[in-house]
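Coordinate analysis (summary)
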Amino acid sequence: MDPKMADEICAYISRTYGAKEKRPWARYPDYRTFKASQPDKWFALVMPVERHKLGLPGEGMIWVINLKADPDFIMLAAGSREGILPAYHMNRKHWISVLLDGSLPADLVRSLIETSYQLVTDTPTKRIYEAVRKIPRGKVATYAQVAAMAGNPKMFRAVGNALHHNPDPAHIPCHRVVNSQGRLSGAFAFDGPGEQAKRLREEGVQVSGDRVDLKKYQMELPSD
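Residues numbered from 1 in each chain as written. Predicted model: local features only at pLDDT ≥ 70, side-chain atom pairs only at ≥ 80, totals over all residues. Heavy atoms only, no water.

Here the focus is the overall build of the chain. Helix and strand counts for the chain stand at 8 helices and 9 strands. Computed over the C-alpha atoms, the radius of gyration of the chain is 23 Å, more than 25% above the 17 Å expected from 2.2 N^0.38 for a compact globule of 224 residues. Expressed along its principal axes, the backbone C-alpha trace of the chain runs to roughly 75 × 35 × 25 Å. For the chain, the residues scored as buried account for 42% of the 224 residues in total. In the chain, once contacts between residues fewer than 6 apart in sequence are set aside, the share between residues at least 24 apart is 52%. When the accessible area of the chain is evaluated, it comes to approximately 12800 Å², of which 51% is carbon and sulfur surface. Of the charged side chains in the chain, 32 are positive and 25 negative, and the gap between their average positions amounts to 6 Å. (Helix = DSSP H or I, 4+ residues; strand = E, 2+ residues; numbered from the N terminus. Rg over C-alpha atoms; globule rule 2.2 N^0.38 Å. Buried < 20%, exposed > 50% of the residue type's maximum accessible area, 1.4 Å probe, protein only. Contact = heavy atoms within 4.5 Å. Areas by Shrake-Rupley, 256 points an atom, 1.4 Å probe, with all protein chains shown as cover. Lys, Arg positive; Asp, Glu negative; His and termini not counted. Charge placed at Lys NZ, Arg CZ, Asp CG, Glu CD.)

Residue position: Ser 185 is located in the loop between strand S7 (177–178) and helix H7 (195–202). Engagement of the side chain of Ser 185 in a polar contact is seen with the side chain of Tyr 143, the distance being 3.2 Å. (Polar contact = N/O pair within 3.5 Å; in protein donor to acceptor, adjacent residues only side chain to side chain.)

Before going further, it helps to spend a moment on the nonpolar core. Counting 30 residues, the largest nonpolar core has Ile 13, Phe 43, Ile 65, Ile 96, Leu 100 and Ile 113 as its most contacted members. For this core, the secondary structure elements donating two or more residues are helix H1 (4–17), strand S1 (32–36), strand S2 (41–50), strand S3 (61–68), helix H2 (71–77), strand S5 (95–99) and helix H3 (106–121). With 7 residues, the single largest contributor to this core is H1. In this structure, Val 146, Ala 147, Leu 163 and Ile 172 belong to the second largest nonpolar core, which totals 18 residues. (Core = buried A, V, L, I, M, F, W, Y, C linked by side-chain atoms within 4.5 Å.)

By volume, the largest pocket is sized at about 170 Å³. Of the residues belonging to the lining of the largest pocket, the class tally is 8 nonpolar, 1 polar and no charged. (1 Å grid on protein atoms, 1.4 Å probe; cavity = no way out; pocket = protein on both sides within 12 Å on 5 of 7 lines; lining within 4 Å. Points joined across faces, edges and corners; volume = space filled by probe spheres on them. Nonpolar A, V, L, I, M, F, W, Y, C, P; charged D, E, K, R; others polar.)

Right, let's get into helix H4 (residues 124–133). Ile 128, Tyr 129, Ala 131 and Val 132 are the residues of H4 that are buried. Mapping the buried residues of H4 onto a view down its axis gives an arc of 160°, with all of them on the same face. (Arc of directions from axis to C-beta.)

In this section: the packing of aromatic side chains. This model, assessed by the stated rule, comprises 6 aromatic pairs. Ring centres 4.6 Å apart and planes at 35° place the aromatic pair Tyr 17 and Tyr 117 in the tilted group. Taken together, the residues Tyr 17 in helix H1 and Tyr 117 in helix H3 connect sequence positions 100 residues apart. Between Tyr 28 and Tyr 31, the ring centres sit 4.8 Å apart and the planes meet at 25°, which makes this aromatic pair stacked. Cluster of aromatic residues (ring-pair linked, three or more members): Trp 25, Tyr 28, Tyr 31 and Trp 42. (Phe/Tyr/Trp six-rings, centres within 6.5 Å; stacked < 30°, edge-to-face > 60°.)

Take the pattern of salt bridges next. The final tally for this structure, using the stated rule, is 11 salt bridges. Where Glu 21 meets Arg 23, a salt bridge forms, and the shortest distance between an N and an O atom there is 2.9 Å. For Lys 53, the salt bridge is made with Glu 50, and the minimal N-O distance between the two is 3.6 Å. Accessibility expressed as a relative area gives 40% for Lys 53, which makes it partly exposed. Look at the salt bridges and you will find they share partners, linking Asp 7, Glu 21, Arg 23 and Arg 32 into a network. (Salt bridge = Lys/Arg side-chain N within 4 Å of Asp/Glu carboxyl O.)

So, in structure tokens, the structure goes:
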């Protein structure tokens, strides 16, 4: 059992995602876990497994990496594509075991790691911020629009909460979000009264009083 590929994969994960390698079980000192920082959840588990436990021929151990995956992908790939198996010792509906023996190209293994990371870190707040980034300069969107773009039209209240705690105003333009009547957020946001209107005007959006003309400036939702 050659640990070289497993070591290379662990180094790649730490370097790419800033995730620290952990070995949480004294009984299994070779098991290495990696967590996303937000939320604090595993997205990769590298470990040696006895071949027969995976239904593989031969004797001895083999290195695998357990990764989260889309259930539809798991139904198609796990067990039918060489190198991708139903997850060992984890929920097989949401996880796969990928052999680290050269069965799969390195770029495909990295792609599966990226998918696992994105699935673990996919939260409503993250989707809201990604939706707000899509509002073009010179346009506005309502809270309901942002909620729809984030995948759930009913979570418009969550949109307001997420934007109130915007971690990166320079790249998440929450000043472009208004209510269903085109009304601005008011003095509690954007560093004081008038700031949202100021930012919108700088982008070519006309503000009358505390409102924006939605017929003129509201962005269109992207079509499917």
